Amino acid sequence: MTLPVFGVIGRSNMCRRPCRASRSLSMFDTLINDVLPYVGLGIPIVLTGMGFPVPEELLVIGAGIATHKGVFEPVAALLTCIVAAVLGDCCMYGIGYHFGHGLLREHRWFSRLLNPRV
């Protein structure tokens, strides 16, 4: 009976454990290849929801094109776009809720542009 060889003759795959460096390298590769593209998609969508002057629709269409080319998984890209858009809108709402009335009271020139009763 011959045992499967792992790199060196006489060593078996069954008695060899994966080293710690290969596991961490695998986790790092997973982070870079699988998670980071979705973070790179989500951050600009959050920023556009917070007022960055780029339409969110352009980024969503770009995500659709990238999904069609096989860069993103369809469900993950859809969830990333939805969660990022809602998160950006919630951040902008929170900023306005906490600082809006004080900003309009303190700066009269700004209150001429935005009326809090409207």
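Above this note sits the structure.
Quantities reported herein were computed from a predicted structural model and do not represent experimental measurements. (Residues numbered from 1 in each chain as written. Predicted model: local features only at pLDDT ≥ 70, side-chain atom pairs only at ≥ 80, totals over all residues. Heavy atoms only, no water.)

## Considering helix H3 (residues 74–106)
Turning to step 1, where the next piece is worked out: When the terminal C-alpha atoms of H3 are compared, their 47 Å separation across 33 residues agrees well with the 48 Å that a helix rising 1.5 Å per residue should span.
Turning to step 2, where the next piece is worked out: At Phe 99, H3 shows its maximal bend, which comes to roughly 50°.
Turning to step 3, where the next piece is worked out: Of all the residues in H3, the buried ones are Ala 77, Thr 80, Cys 81, Ala 84, Ala 85, Gly 88, Gly 100 and Leu 104. (Helix = DSSP H or I, 4+ residues; strand = E, 2+ residues; numbered from the N terminus. Expected span 1.5 Å × (residues − 1). Bend = angle between axes of the 7 residues up to and from the residue. Buried < 20%, exposed > 50% of the residue type's maximum accessible area, 1.4 Å probe, protein only.)

## Concerning the environment of Leu 58
Turning to step 1, where the next piece is worked out: Considering the arrangement of structural elements, one finds Leu 58 in helix H2 (residues 56–68).
Turning to step 2, where the next piece is worked out: When the C-alpha positions of Leu 58 and Ile 45 are compared, they lie 9.6 Å apart, and in sequence the two are 13 residues distant.

## Notes on H2
Turning to step 1, where the next piece is worked out: Counted at 1.5 Å a residue, the expected span for H2 with its 13 residues is 18 Å, and the 19 Å between its end C-alpha atoms agrees.
Turning to step 2, where the next piece is worked out: Among all positions in H2, only Ala 63, Ala 66 and Thr 67 are buried. Burial along H2 is one-sided: seen end-on, the buried residues are contained in an arc of 100°. Exposed residues pointing more than 90 degrees away from the buried face of H2 are listed as Glu 57, Leu 58, Ile 61 and His 68.
Turning to step 3, where the next piece is worked out: Phi turns positive one or two residues past the end of H2, at Gly 70, with a value near 95°. (Arc of directions from axis to C-beta.)

## Considering the packing of aromatic side chains
Turning to step 1, where the next piece is worked out: A full pass over the atoms with the stated rule returns two aromatic pairs.
Turning to step 2, where the next piece is worked out: When the centroid spacing of 6.0 Å and the interplanar angle of 25° are considered together, the rings of Tyr 93 and Tyr 97 count as stacked. Of the two residues, Tyr 93 and Tyr 97 are both situated in helix H3; the distance of four residues between them amounts to about one turn of the helix.
Turning to step 3, where the next piece is worked out: A residue is classified by how much of its surface remains accessible, and Tyr 93, at 58% relative accessible area, is exposed. (Phe/Tyr/Trp six-rings, centres within 6.5 Å; stacked < 30°, edge-to-face > 60°.)

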